Amino acid sequence: MVLGLIPARFASTRLPGKPLVDLGGRSMIQRVVEQARQANLARVVVATDDVRIQEHVQGFGGEAVLTRPDHPSGTDRLWEAFQQLGSPADVHCIVNIQGDEPFIHPGQINALADLFADAATAPDIATLVKPVLTAEELFSPHLPKVVLNQQGHAMYFSRHPLPYQRGHASEQWLTHHRYLRHLGLYAYKPAVLEQLTRLPVSPLEAAESLEQLRWLEAGFRIQCAETELEAFGIDTPEDAERAKERLRSSGK
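Residues numbered from 1 in each chain as written. Predicted model: local features only at pLDDT ≥ 70, side-chain atom pairs only at ≥ 80, totals over all residues. Heavy atoms only, no water.

Named according to an unreviewed UniProt entry, the protein is 3-deoxy-manno-octulosonate cytidylyltransferase originating from Hymenobacter monticola. Entered under Sequence similarities (unreviewed entry) in the UniProt record, the comment concerning the protein runs "Belongs to the KdsB family." Its UniProt record gives the protein the following Catalytic activity (unreviewed entry) comment, quoted word for word: "3-deoxy-alpha-D-manno-oct-2-ulosonate + CTP = CMP-3-deoxy-beta-D-manno-octulosonate + diphosphate". (UniProt positions renumbered as here; feature names shortened; annotations may be inferred.)

Written out as structure tokens, the structure reads:
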């Protein structure tokens, strides 16, 4: 069974109460849940730190569990939620779906879940990457980049473009190399998720502020699946306005 868990915190420095922000008549968290339900998931559960979000999700027919407010990361919140659900033995894959991506495509979720279909070849951790198309993406520190080995495992994640191209001006880098950026959608084996919550912050994670570097430093392999579909995360009021305009344009 594949379980979809959606971490959703009420507190947000730039957009307080972010999961409850109205986007075209439905809250952001409702839109995320509705998109996730279209994927090949046996169950979709919101893991939140606030009773207002829990009651709201239950009000539109969703499932939500209330977790501690002091978790240092969404990964820790997911593990507590999984335990609250009774740690179902038939769950072989947990997909971590970002609670601030109301346009998450079911195909992106399925791309990760499919990697866990065969227990013999299932990875410990999986995530999504997509090609970098513009210089703005390539040089934005807000869009982490990733380099892969020949088996599709992540070698390193960075907010800086990787690799550095010696001998080419930076404006020519996209012409001479195919760059990939990381999308923040993860899937894990339940036993691996438990192990991840026990790891201390690592030096590379502290330097780049990227939690997945902690996992690489600890020796975990991260399998990457490629998608052409874009991610649309909402972090600011301006992002929310762009999302509303997108919904108006699409008639949704």
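Chemist: Looking at this structure, how should I read helix 3 (residues 74-84)?
Modeler: A large share of helix 3 lies buried, amounting to 8 of its 11 residues. Of the positions making up helix 3, those classed as buried are Thr75, Asp76, Arg77, Leu78, Trp79, Glu80, Ala81 and Phe82. Glycine 86 occupies a position one or two residues after helix 3 and carries a positive phi of about 95°. (Buried < 20%, exposed > 50% of the residue type's maximum accessible area, 1.4 Å probe, protein only. Helix = DSSP H or I, 4+ residues; strand = E, 2+ residues; numbered from the N terminus.)

Chemist: Which parts of the structure should I look at to understand the side chain of arginine 214?
Modeler: By secondary structure assignment, the location of arginine 214 is in helix 9 (residues 212-217). A polar contact of 3.0 Å, which involves the side chain of arginine 214, links it to the backbone oxygen of leucine 199. With residues up to four places along the chain from it excluded, the contact list for arginine 214 reads Leu196, Leu199, Pro200, Val201, Ser202 and Glu205. (Polar contact = N/O pair within 3.5 Å; in protein donor to acceptor, adjacent residues only side chain to side chain. Contact = heavy atoms within 4.5 Å.)

Chemist: How do you make sense of the environment of proline 144 when you look at a structure like this?
Modeler: One can find proline 144 in the loop between helix 5 (135-139) and strand 8 (145-148). Note on proline 144: relative accessible area 12%, which makes it buried. Separated by 16 residues in the primary sequence, proline 144 and histidine 160 place their C-alpha atoms 7.2 Å from one another.

Chemist: Would you mind going over the pattern of salt bridges with me for this structure?
Modeler: Tallied over the full model, the rule gives 16 salt bridges. The residue arginine 248 makes a salt bridge to glutamate 245 at a minimum N-O spacing of 3.0 Å. Within this pair, arginine 248 and its partner glutamate 245 are both found in helix 10 (residues 237-250), separated by 3 residues, close to a single helical turn. On the accessibility criterion, glutamate 245 (40% relative accessible area) is partly exposed. Among the ionic contacts, a cluster of salt bridges with common partners joins Lys130, Glu137, Arg181 and Glu230. (Salt bridge = Lys/Arg side-chain N within 4 Å of Asp/Glu carboxyl O.)

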